[in-house]
Amino acid sequence: SNIPLPFWRKLCFAIGGAPYQITCTVIGFFLNIFLLEVALLKPRYVSIILFSGNAWDAVTDPLIGIFVQKTNTRWGKMRPWIIFSAPFACATYFFLFYVPWEPALVNGFEKYESSEGVRFMYYLLIFCVFQGLLSCLHVPYTSLTMAVTSQQKERDQITFMRMGLETTGVLLAVFIQGLFVSDTRCDGDEDLPKNSTSIETQKDAYINGSIVVVIIYMVCCITTFFGTRERQGIVDVKKEDHKGFFSGIKLVFTFKPYVWASLTFLFMTIAIQIAQSNVALFCTHTIKEGSELTKFILVLLVCAIFSMPLWQLLIVKFGKKTAYAIGMGLMIPTFMTQLYIPAHSKALYYVIMVFAGLSISVAFLLPWSVLPDVLDLYMLEKKKRHDALFYSFYVFFNKLASGIALAASQIALEFGGYVNGKCKQPDSVGYTLRMLMTPGPVILVVIALWCLYMYPIDEKMRKSIKERVQNYSVKLNPNEDILEGQFSKSYDSFSPQEERSPSEDRTLDTEIEI
C-alpha cells in the first residue's frame, strides 16, 4: 500500500527502540558494580555471569529470528513477540537488580546468610533469561522496519526517529540509574573500612531504579504494539537460500573485505567494552572520585552523541575509512591518560571524558556504515545476496567477544586483590584497574587500526562500487536468488578505472536477476 504513514505511527514505532538501549546501558555500566558491591559476589563469579549472559545473548538472536519468521498471527509476525515478551522481560530485569536475601553484620562487615554459590546461580540464571527475553524484543523490533511501510523514504524517516529515541534512551538510562545510585557510592578514599551507606540502602536504590526502567519498558512496548501495523504484502516471503550455522561461517569468513571489517569492529568493541565495564571501579578505587561517576558518564555520552554530525562531515570530506581511522586514533591517547591521571583529578577527568566521547562516537556510527559497502561488493562478486547472514554474524561474534572481554577483566580484578564490601581497596586494585584501562585497550585499538588498513574498500573503491551497482538494472525473479551477468571475481578489479571505452560501458549494463 502507498498510503503515507502518519507521523504518530512513525513516533509509536520509534518509541520501541528505547527499552533495549535503556536496559543495555544500565547493564553495561552498573551490573558489575551491583554484583560486586551489593550482591557481594567475588569477581570470578561476576566474570562467569557476564560471559554466560553475553554468550547466550549471541546465540538467542539468530534463534529468535528463525522463530519470528515462522510466526503467523492476526497481529502479524513481529508485534506479538514485542508485547507478549515484555511482561516477562520486565519481571526478570527487576529481579536482576534485586537481592532476595537480608544482610547480617559479621565482624563489622555486612554479609548475606546465603552461600555465595546460591547467589551466583540465581544471578546467572536471571541474567541469561533476561538476555533471551531482550532478544524477543530487539530482533522482531528491528525487523518491523521493513513491515510498517513499503516506502524507502518513510523507512529512512522512522529509522532516523528510532535513532533519536534510542539516543534519548541511553542518556535516560544513566540519568535514572545515577539519580538513585550515585548518592550510595563512596569516593574510594574514606578512612572507613566499608561504605558508610548500608547494603540495605544500596539495595533500595537499585530496586527504585529498576522500577522506573520497567515502567518505561512496558509503556514503550505497549505504545509500539498498539501504535503500529504490519502492512500485508510488503515483505516478499519467497524461498530463501538458508544456510546452517557452520556453512554460514564458511560463507561469510571466506570473503576477505568482510573479514577485515568484522575484525576491525571486533577489536575496537572489545577495547571499549573493557573500559566501559571498569570505569565505575576506576573512578572509585583509582582516581577516588566514585560519587562523580554518573556525571562522568553523562559527559561522555552527551559528547559522543553530539559529535556524530562532526564525524558525518568527516565521512563526506575524507571518506569512511579515513574517518574511521581518525576516530580510533583518538582513542589511543584517551586510553593512555588512564595510566597516568593522579587521584582526586576531577576536573581533568571531565576533560578526558569529553575526548573519550568524541572518539567513541565513531563506534556508534562507522562499523554499521561500512557494512553495506561490503554487502554490495559481495553481490557483485558472488552473484548472490546474503545480507541477513552477514549482519547476524557481525553481531554474533562481537557479543561473544564482548562476553570474553568482560569476563577477563573481572578475573584480573580477582587477581588484583579486590575485597567485597570494602570502600577503600588495596593499592593493588587501583593499579590493576589502570592496567585494565590502558595497555589492553590500546593494544586492541592498534590491532583494529591494522585490520582497518587491510580493509580494501577505500573511498575511491567505494564510489566505484556504488556507481557500478547503480548502473545495473534490477528486476525481481521470484524463483531465483541469483545475480546473473558478467562480473569480476575479485574485489581488486573494483578499483576505479582511469579510462573505459564506450563498448566496455555497454557491457556493464547487465541485467541483475534476484
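Look up: the structure comes first, before these words.
Being a predicted model, the structure only gives us computed values, none of them experimental.

Would you mind going over empty space enclosed by the protein with me for this structure?
Empty pockets left among the atoms are what a rolling probe the size of a water molecule brings to light. For the structure shown, the criterion picks out two cavities of 30 Å³ or more. Each pocket or cavity is described by its volume, and for the second largest cavity that value is around 30 Å³. What lines the second largest cavity is Lys 320, Lys 321, Val 370, Asp 373, Tyr 455, Ile 457, Asp 458, Glu 459 and Arg 462. Residue assignment for the lining of the second largest cavity shows that the elements contributing at least two residues are α12 (320–340), α13 (346–382) and α17 (459–471).

What exactly am I supposed to notice about the side chain of Ser 277 here?
Its location among the elements puts Ser 277 in helix α9 (residues 256–285). Here Ser 277 falls in the buried class, since its relative accessible area comes to 2%. Among residues more than four places away in sequence, those in contact with Ser 277 are Gly 28, Asn 32, Leu 406 and Ser 409.

Just to check I follow, could you spell out the environment of Trp 101 for this structure?
Within the secondary structure layout, Trp 101 lies in the loop between α4 (79–96) and β1 (103–106). Considering only alpha carbons, one finds Trp 101 and Ser 114, 13 residues apart in sequence, at a separation of 7.1 Å. Once residues lying within four places of it in the same chain are set aside, the contact partners of Trp 101 are Tyr 112, Ser 114, Val 118, Arg 119, Tyr 122 and Lys 203.

Honestly, helix α2 (residues 18–37) in this entry has me stumped. Any pointers?
The α-helix advances 3.6 residues per turn, and as a result positions three or four apart in sequence lie on the same side. In this model α2 runs 28 Å from its N-terminal to its C-terminal C-alpha over 20 residues, within 8% of the 28 Å that 1.5 Å per residue would give. Taking the largest bend as the criterion, α2 deviates by roughly 50°, centred on Phe 30. With 17 of 20 residues buried, α2 is to be regarded as a mostly interior element.

Quick notes on the rules
Residues numbered from 1 in each chain as written. Predicted model: local features only at pLDDT ≥ 70, side-chain atom pairs only at ≥ 80, totals over all residues. Heavy atoms only, no water. 1 Å grid on protein atoms, 1.4 Å probe; cavity = no way out; pocket = protein on both sides within 12 Å on 5 of 7 lines; lining within 4 Å. Points joined across faces, edges and corners; volume = space filled by probe spheres on them. Helix = DSSP H or I, 4+ residues; strand = E, 2+ residues; numbered from the N terminus. Buried < 20%, exposed > 50% of the residue type's maximum accessible area, 1.4 Å probe, protein only. Contact = heavy atoms within 4.5 Å. Expected span 1.5 Å × (residues − 1). Bend = angle between axes of the 7 residues up to and from the residue.

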